[in-house]
Amino acid sequence: MTDQTSYLFEAVPVSQFPLIKKFYSDANYHNKTGRTDEIYCLRHTDLQNKLIAAVRLVKSSEFLILRSMVVTPSLQNQGIGRLFLQHIKTALKDRECWCFPFEGLEGFYADINFQIIIPEKAPELIHTKYLQYRQQGRKISIMRYR
């Protein structure tokens, strides 16, 4: 497990969204950051507060959608994602949140109480996005946090 004292979890202000877009680009991850998104990052304090992970919480009128959770590729598979996810849980508080994990990552998200939901039981927006992603060939599931 990673040393938690070496990391800083923080909400990203809108003025710093360009830095997040650059982080995603550098990690070869395409995304569309919206001004109403909540973005959180994880910085490594031993590396001059270098940005090493980011996630977007996209707001709908009824719930959040967890999107674009990325850890710097060179630091993946070292427990940083699990640590980051624990911090994200604090940002979710008691809000309803949905995500589309790739198959095989359901247990990762279940660690903070996301639960698998069958597509037919999901809200229309989530169900529609799920079908769109599956048509694109993505092997994903639907999960909900409450």
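Shown above is the structure to which this text applies.
It is not clear to me how unusual backbone geometry should be interpreted in this structure. Could you clarify?
Generally, phi is negative for residues other than glycine and the peptide bonds are trans, each holding for most cases. Its identity is not glycine, yet Ser68 carries a phi of approximately 55°, on the positive side. Tracing the sequence through the fold places Ser68 in strand 4 (residues 64–71). Taking the relative accessible area as the measure of exposure, Ser68 reaches 6% and is therefore buried. Positive phi, close to 50°, is recorded for Lys93, a residue that is not glycine. With respect to the helices and strands, Lys93 occurs in the loop between helix 2 (80–92) and strand 5 (97–99). By relative accessible area, Lys93 is classed as exposed at 57%.

Honestly, the side chain of His44 in this entry has me stumped. Any pointers?
Considering the arrangement of structural elements, one finds His44 in strand 2 (residues 38–44). On the basis of relative accessibility, which here comes to 12%, the residue His44 falls in the buried class. A polar atom in the side chain of His44 sits 3.1 Å from the backbone nitrogen of Asp46.

How should the environment of Asn28 be read in this particular structure?
Here Asn28 shows up in the loop between helix 1 (17–26) and strand 2. Between the alpha carbons of Asn28 and Pro123 there is a distance of 30 Å; along the sequence they are 95 residues apart.

Reading guide: rules and limits
- Residues numbered from 1 in each chain as written.
- Predicted model: local features only at pLDDT ≥ 70, side-chain atom pairs only at ≥ 80, totals over all residues.
- Heavy atoms only, no water.
- Helix = DSSP H or I, 4+ residues; strand = E, 2+ residues; numbered from the N terminus.
- Buried < 20%, exposed > 50% of the residue type's maximum accessible area, 1.4 Å probe, protein only.
- Polar contact = N/O pair within 3.5 Å; in protein donor to acceptor, adjacent residues only side chain to side chain.

So far we have only geometry, and geometry alone does not tell us how the molecule works.
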